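The lines below spell out each chain.
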Amino acid sequence: MYLTRFFLPVLRETPKEAEIVSHQLMLRAGMIKQSAAGIYSWLPLGLKVLKKIEQIVRDEQNRAGAVEVMMPTIQSADLWRESGRYEAYGKEMLRITDRQERDLLFGPTAEEAITSIFRDGVKSYKDLPKNLYNIQWKFRDEIRPRFGVMRGREFLMKDAYSFDLTKEAARASYQRMFVAYLRTFARLGLRAIPMKADTGPIGGDLSHEFIILAETGESEVFCHRDLLEGAIPSADTNFEDDLSPIMDAWTSKYAATEDMHDADRFKKEVPEDARVSARGIEVGHIFFFGTKYSEPMGCRVQGPDGQMVTLQMGSYGVGVSRLVGAIIEASHDDGGIIWPVPVAPFEVAVINLKAGDEATDAVCADLHDRLQAAGIDVLVDDSNERAGGKFATMELIGIPYQIVVGPKGVKSNEVEVKARIGGDRETMAPEAALAHVVEEINRARVLV
RNA sequence: CGGGGCAUAGCUCAGCCUGGUAGAGCACCUGCUUUGGGAGCAGGGGGUCUGGAGUUCGAAUCCCCAUGCCCCGACCA
C-alpha cells in the first residue's frame, strides 16, 4: 500500500474529549472517528488492527474446537421473555419497535439467541459436547461510555457458548476455553493473567477474568509474580487431552481483582517479593453458568438412558474492539503506539525521503513489491511530507519496522532499518534490509 | 440518573465580562526557497459562531429553552 492512496487522517494535536492514552492515540493515528457517545467509525488503519485481532481470536477458537456462527444483531423481545431477561435487563438494553409495533432489541449479548439455535438443532447426548461462538457487534446503552473503544456502547465481541451433558464435561469445555484464551492473548502480544472472578449465584470455581496489566486499568489487581512469566500452551496442544494440569498450573497461584481480593490470603500465600499489585484491564471473561438459560429455555437432549437432560452451559467472552485500546494501553511511548507485530496494521513502513527522485522511488517500489510478495504488510510513505513529519507519523501509528530510503543513501546502495521498539537504527544495503525485516517479522509472528 | 464543565475553521484555542457584522497557531491550496528527525517567505480558500426563541437599530457576545459532548459518582465486556 502507498500512503498517497491510503486514508490516514492523522492529527497533530490531541482532541480534547480523549482522556486516556489509547483513546488519544487512536484518534491521532486516524484509527477511529467518534460518531456519537461511545459509538465509533473504524477508519482504515483501525479496521486493519481490529481485523487482525479478530482473526487471531477466531483462529484460536477454531483450534480449541469451537464452531463459528453469525446471528442477527437485532433480536426479538420474545426470545428474551423466554429467559426472563427482557424485563430484568434494564435500560442498558436498547429496545426498538418496528413498524408492526413488534418489540425488538439490539443484542447486548447472545445467550438467548444461541441457546434457541442450539436447542432446536440438537436432540441427543451423542451430539455433545459442542461449543458455538460468534464475533459480532453488540450494543449496551451504558450510562456513561468513556475511554474510547475501551468502554463504548457499540462494541465487537467474541462470545462462545459450550453445551455439555454433565458438569464434569462442562468443566472440560471450560478448560479448553481457558487454554484457548492463554494462547489467544499471548499471540496478540499480551500477557493476560487469569484471575478468579465472581461466579454470581451459581458458585463454584469456574469463573475467570483475563486481565492485562496497564497503568490506566479500570480496577486494582493482585497476583503472584510468577504468573507474569507463566508458560503458554504450545500450538500442538491436544484439546482432546485432559487440560487440568495446564489450568491447575495457572490457577494454583494467587490472582484476584479488587472485588475478589483477600488481603490476608494474599499475604499468607505470596512471599513479599513476589507480590504484584497493579491496575488491570479485563480483556476476557469465562464462566460456567450451568442451567441458567437452558432450564427456562428448554434446552435439553435425551441422555443414554432415554431421560431428558437439561444442558450445562458456559460462556466465554473476549472484548475484541476493547482489545485494540487495551493493547495500546499496554504498548506505547511518548512518540505513539508500539504495535506488537501480530496485530500491527502494517508490519513495515518504507519511508521515501524524496518522493519524485527517480532512483529513490525505484528502490522504494522494489522494496514494496518484494515485501508484499513475501507476505509482509507494507506501507510506503510516498508523500511529499518532510522527513521529520514522516518519521513522526510512522512512530505515531506504531509500525514495527521502518526502512528509510533517501537519495544520499541510494547513491551508496544503503538504506536505514529502524525498529519501533527500542528505536535501534542500522544502515545496510536494501537487499540486506529486506532479508532482515522479513526474518524479524516472521520470527515475531510465530511466538506461540 | 445525581453533581460539575464545555460547545467559535479539519485539530488546538482566543474573542464573550463591557453588543457594532469573526481571529490566531497547526492543517489545507498556489508560488518561490528549502529538503535525513513535525522548515521559511509570500499569497489564498474554508465558519448556519450547536439549535430554537427573545431583548436590541444591531447578538458569537445579553436573557430563556432545547440538544450534543466531556469530567466526577453509581454501573460495566
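Quick note: structure is the one above.
The following refers to the structure shown. (Residues numbered from 1 in each chain as written. Chains lettered and ligands numbered in written order. Predicted model: local features only at pLDDT ≥ 70, side-chain atom pairs only at ≥ 80, totals over all residues. Heavy atoms only, no water.)

**Observations regarding the overall build of chain A**
Quick note on the threshold: Strands here mean DSSP runs of E at least two residues long; helices mean DSSP runs of H or I at least four residues long; both are numbered from the N terminus. Only C-alpha atoms enter the radius of gyration; for comparison, a globular chain is expected to reach 2.2 Å times N to the power 0.38, where N is the number of residues. The rule is simple: take the accessible area with a 1.4 Å probe, protein chains only, and divide by the maximum for that residue type; under 20% is buried, over 50% is exposed, in between is partly exposed.
The number of helices and strands found in chain A is 13 helices and 23 strands. In terms of overall size, chain A behaves like a compact globule, its C-alpha atoms giving a radius of gyration of 24 Å where 448 residues would be expected to give roughly 22 Å. Oriented by its inertia axes, the alpha-carbon framework of chain A measures out at about 80 × 60 × 40 Å. For chain A, buried positions account for 53% of its 448 residues.

**A closer look at unusual backbone geometry**
Residue Leu-128 is joined to Pro-129 through a cis peptide bond whose omega torsion reads -5°. Take Pro-129: it is sitting in the loop between α5 (111-121) and β7 (130-139). Phi at Glu-101 is positive, roughly 65°, even though this residue is not glycine. Residue position: Glu-101 is located in the loop between β5 (94-97) and β6 (103-106).

**Some words on the sheet that holds strand β22 (residues 415-419)**
Heads up, the condition is: Two strands are counted as paired when DSSP detects at least two bridges linking them. To obtain each axis, a line is fitted to C-alpha atoms, and for helices this fit is confined to the stretch in contact; angles are then taken between N-to-C directions over 0 to 180 degrees. Two residues form a contact once any of their heavy atoms are found within 4.5 Å.
The strand order β20-β19-β21-β22-β23 describes an open sheet built from five strands, whose pairing is mixed. The outermost strands of the open sheet, each flanked by one partner alone, are β20 (378-381) and β23 (425-428). When strand polarity is set aside, the average angle formed by the axes of neighbouring strands in this sheet is 20°. Bridge analysis of β22 against β23 gives four bridges, and the strand direction is antiparallel. Bridged to Val-415 within β23 is Met-428. Packing against the sheet, helix α10 (residues 358-373) makes contact with β19 (348-352), β20, β21 (401-405) and β22, and its axis sits at approximately 170° to β19. On top of the sheet, helix α11 (residues 387-397) reaches β19, β20, β21 and β22; it is set at about 170° to β19, its chief contact.

**Description of the protein's contact with RNA strand B**
Put simply, the rule is: Only a single heavy atom is needed: when it lies within 4 Å of a molecule or strand, its residue is near that molecule or strand. N or O atoms closer than or at 3.5 Å make up a polar contact, with two conditions inside protein: a donor-capable atom paired with an acceptor-capable one, and, for residues adjacent in sequence, both atoms drawn from side chains.
Taken together, 43 residues form the shell around RNA strand B, and within it Arg-12, Arg-144, Arg-151, Gly-152 and Glu-282 come nearest. In RNA strand B, atoms within 4 Å of the protein come 44% from sugar and phosphate. Within the side chain of Gln-34, one N or O atom sits 3.3 Å away from a sugar or linking oxygen of RNA strand B. Contacts to RNA strand B include Arg-146, whose side-chain N or O atom sits 3.0 Å from a base nitrogen.

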